[in-house]
Amino acid sequence: MYIIDITLHGDTATEEKVAQHRAWFKKHFDEGDFVIVGPSKTKEMSGTIITKSMERAKLDEILGGDAFYPNEATYEVNEIDAKLVKNNIDN
């Protein structure tokens, strides 16, 4: 699994680019690549994605499809080995 923090560079976040970015993460959520997606409540123009387990090359391919990749956002990728996961993690 990966936890990815994405921070958009504010001067490049046009409405069109943001719409493309949202369509990108919705597509990968619907396909099951992303298991949690959401905007940050503490840091402007940023959000977090948690992915299912996959090869890093596959993740890099997915990230490469984002409208802001590679120069219009910062992508901090942290691979984790999830040992405990709640069934209803939003509670």
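Now for the sheet that holds strand E4 (residues 73-79). Here 4 strands make up an open sheet; going across it, the order is E2-E3-E1-E4 and the pairing antiparallel. Either end of the sheet is taken by a strand with one partner, and the two such strands are strand E2 (34-39) and E4. With direction set aside, neighbouring strand axes in the sheet form an average angle of 15°. As defined by bridge partners, strand E1 (residues 2-8) adjoins E4 across 7 bridges and the pair is classed as antiparallel. Across the sheet, the residue bridging to Thr7 is Thr74, located in E4. Its contacts with the sheet put helix H1 (residues 15-30) on E1, E2 and strand E3 (46-51), and the angle it makes with E2 is roughly 150°.

On inspection of all chains with the given rule, the structure shows 5 salt bridges. Glu31 is the partner of Lys27 in a salt bridge, and the nearest nitrogen-oxygen pair spans 3.3 Å. Glu31 sits in the partly exposed class, given a relative accessible area of 47%. Between Arg56 and Asp60 there is a salt bridge, with the nearest N and O atoms lying 2.8 Å from each other. In this pair, Arg56 and Asp60 are both assigned in helix H2 (residues 56-63), 4 residues apart and thus about one turn of the helix distant. For Arg56, a relative accessible area of 39% corresponds to the partly exposed category. Note on Asp60: relative accessible area 33%, which makes it partly exposed.

For any pair of aromatic rings, the description consists of the separation of the ring centres together with the inter-plane angle of the planes. According to the stated counting rule, one finds 2 aromatic pairs in the structure shown. Ring geometry for Trp24 against Phe34: centres 5.4 Å apart, planes inclined by 70°, an arrangement best described as edge-to-face. Of the two residues, Trp24 sits in helix H1 while Phe34 sits in strand E2, which places them 10 residues apart along the sequence. With a relative accessible area of 6%, Trp24 lands in the buried category. For Phe34, a relative accessible area of 1% gives the class buried.

Rules used throughout
- Residues numbered from 1 in each chain as written.
- Predicted model: local features only at pLDDT ≥ 70, side-chain atom pairs only at ≥ 80, totals over all residues.
- Heavy atoms only, no water.
- Pairing = 2+ DSSP bridges.
- Helix = DSSP H or I, 4+ residues; strand = E, 2+ residues; numbered from the N terminus.
- Axes fitted to C-alpha atoms, helices over the stretch in contact; angles between N-to-C directions.
- Contact = heavy atoms within 4.5 Å.
- Salt bridge = Lys/Arg side-chain N within 4 Å of Asp/Glu carboxyl O.
- Buried < 20%, exposed > 50% of the residue type's maximum accessible area, 1.4 Å probe, protein only.
- Phe/Tyr/Trp six-rings, centres within 6.5 Å; stacked < 30°, edge-to-face > 60°.

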